[in-house]
Amino acid sequence: MRRVLIIGAGGREHAIAWKISKSNLLGKLFCAPGNPGTLQVAQNLEIDIKDFQAIKEAVLDNNIDMVVVGPEEPLVNGLKDFFAKETLLKNITFIGPDSQGAMLEGSKDFAKSFMLKHNIPTSMYNSFNIETLEEGYRYLESIKSPYVLKADGLAAGKGVLILDDLDEAKKELTQMLNGKFGKAGNMVVIEEFLSGIELSVFVLTDGNNYLILPEAKDYKRIGEGDTGLNTGGMGAVSPVPFANSTFMKKVEERVVIPTIEGLKKEKIEYSGFIFIGLMNCNEEPYVIEYNVRMGDPETEAVMPRIKSDLLAHLIATGNGTLAKEQIETDPGTALTLVMVSKGYPNSYQKGYPIEISNNLKEDLLFHSGTKLQEKKLVTNGGRVFALTTLTDSIHKGRETIYQLAKGVNFQGVQYRKDIGLDLI
Ligand code: AMP
Ligand code: GLY
């Protein structure tokens, strides 16, 4: 019986906790720091996840034997490396790459050169720093608009700019290299624009073998019809109708296998999730980005579609025996609606009381930005809930989700009305 700690505090972590909590192999589940949603299925540990020493103490105090990391930051900052160096921690199953593997997300330049080296389809690119600014201008002049500029390092999802105008692109490049995104922008990747439809593909790997989890489509913009500001994600749908078996076979052969083989060739021992952000350009997959974790809100749509035991798959990942595992997925359609605070993704108020109607199946109401204040549930973030429904079609899912959403109320609640509509 395993004692598992999930690191993180969002809807993604609630969904992973919810799924693991159903496993017969589970002894006890912990979440650090978790949220009121994870509290329904786990014990929350109030620790600062930036504090590796505090994580160590929590793991030892609670006899935890598996750690699953939700967000990228602790991985990029070397939590796995820290575990590997500590005698008392090194035998604990750790789901997530070390800091070298986490470079796939932590450095866009590293990710692009990795793809190029291992023949993984992606758009053409070049990287520049402040010393090569002039060359950056020349490169921009040599490629077609729109211009895609990416801060090399982690920039909380804000480091990507897509610009139509050449002068604007030069101006932004200059500002990025002068610290607009802090040191994340010390280097900037400029790449060709890919036109197509995006999807998120998730892989669990032990470094040699892999399982491809259900794919999902994310709705990134705040407004209906994909308009307005970028957000952390306003909804998700899984499966993605255009990701048919022909397309997914291309993804597996041209992207997933070369990625895992590439990691091996570079002697990067990787065990954990890989989230591949893909563009479907005329039925051909191109990689936009790698993330070294699951997506949010995609996870809230993916987890309900996994019928097999996720904890068994994670144990096998730790043991290096993933080849023996098979994933069983629900053929139904999961639709996730993210309910946000008024003002998000700009500034918003927190602390509004939340009312949840009794007939709403709490099961699939994943908490993101909530907290308990004097035992009452209040809003505590921009993205407050990710509500998921599993039905037999997008059409049915849409009918159900917008009905269910009426049962969740807080002042200023907002959500997109068009989740899944483009896929019907
Ligand atoms: P990233 O942080 O790399 O995922 O970029 C954020 C978003 O910008 C992506 O999800 C895409 O919607 C968009 N994007 C990034 N790179 C490209 C590209 N080369 N062509 C078109 N859109 C892109
Ligand atoms: N939903 C996109 C992400 O998690 O990065």
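Data block above holds the structure.
Report follows, based on the coordinates.

The rules behind the values
Residues numbered from 1 in each chain as written. Chains lettered and ligands numbered in written order. Predicted model: local features only at pLDDT ≥ 70, side-chain atom pairs only at ≥ 80, totals over all residues. Heavy atoms only, no water. Buried < 20%, exposed > 50% of the residue type's maximum accessible area, 1.4 Å probe, protein only. Helix = DSSP H or I, 4+ residues; strand = E, 2+ residues; numbered from the N terminus. Contact = heavy atoms within 4.5 Å. Near = heavy atom within 4 Å. Polar contact = N/O pair within 3.5 Å; in protein donor to acceptor, adjacent residues only side chain to side chain. Areas by Shrake-Rupley, 256 points an atom, 1.4 Å probe, with all protein chains shown as cover. Nonpolar A, V, L, I, M, F, W, Y, C, P; charged D, E, K, R; others polar. Pairing = 2+ DSSP bridges. Axes fitted to C-alpha atoms, helices over the stretch in contact; angles between N-to-C directions. Patch = residues over 30% accessible without salt bridge, like charges linked within 9 Å, V, L, I, M, F, W, Y side chains within 5 Å. Salt bridge = Lys/Arg side-chain N within 4 Å of Asp/Glu carboxyl O.

1. Details of helix α1 (residues 11-20)
Thinking step 1. For α1, a buried count of ten out of ten residues is recorded, marking the element as mostly surrounded by other parts of the structure.
Thinking step 2. For α1, the set of buried residues is Gly11, Arg12, Glu13, His14, Ala15, Ile16, Ala17, Trp18, Lys19 and Ile20.
Thinking step 3. Structurally, α1 contributes buried residues whose contacts are with β1 (2-8), β2 (26-33), β4 (66-69), α10 (298-302), α11 (310-319) and β20 (365-367).

2. Focus: the site of ligand 1
Thinking step 1. Near ligand 1 lie 15 residues; those nearest to it are Glu191, Leu194, Glu198, Lys220 and Glu289.
Thinking step 2. At a separation of 2.7 Å, a nitrogen atom of ligand 1 approaches a polar backbone atom of Leu194.
Thinking step 3. Calculation on ligand 1 without its partners gives an accessible area of 470 Å², and the protein chains cover 88% of this total.
Thinking step 4. Counting only elements with at least two residues in the shell around ligand 1, the list comes to β7 (147-151), β8 (160-163), β9 (187-192) and β17 (284-291).
Thinking step 5. Partitioned by chemical class, the residues of the shell around ligand 1 number seven nonpolar, one polar and seven charged.

3. Focus: the sheet that holds strand β10 (residues 197-205)
Thinking step 1. Pairing is antiparallel across the open sheet formed by four strands, whose spatial order is β11-β10-β16-β17. Of all the strands in the sheet, just β11 (210-212) and β17 have a single pairing partner and so form its edges. Within the sheet, the average angular offset between the axes of one strand and its neighbour, ignoring direction, is 30°.
Thinking step 2. Note that β10 and β11 share three bridges and pair antiparallel. Bridge pairing in β11 places Leu204 opposite Leu211.

4. Notes on the sheet that holds β9
Thinking step 1. Across the sheet, four strands lie side by side as β6-β9-β7-β8; this open sheet has antiparallel pairing. In this open sheet, the two edge strands, each paired with only one partner strand, are β6 (125-129) and β8. Shown here is a sheet whose adjacent strand axes are inclined to one another by a mean of 20°, direction ignored.
Thinking step 2. Across five bridges, β7 lies against β9 in antiparallel orientation. The residue of β9 that forms the bridge with Ala151 is Val188.
Thinking step 3. Across the face of the sheet, helix α8 (residues 166-177) comes into contact with β6, β7, β8 and β9 while running at roughly 5° to β7.

5. What to know about a nonpolar patch on the surface
Thinking step 1. Taken together, Val160, Ile162 and Phe193 make up a surface patch of nonpolar side chains, about 250 Å² in accessible area.
Thinking step 2. On the basis of relative accessibility, which here comes to 35%, the residue Val160 falls in the partly exposed class.

6. Observations regarding helix α6 (residues 108-117)
Thinking step 1. Buried residues of α6: Lys108, Phe110, Ala111, Lys112, Phe114 and Met115, and no others.
Thinking step 2. Following α6 by one or two positions, Asn119 has its phi on the positive side, about 60°.

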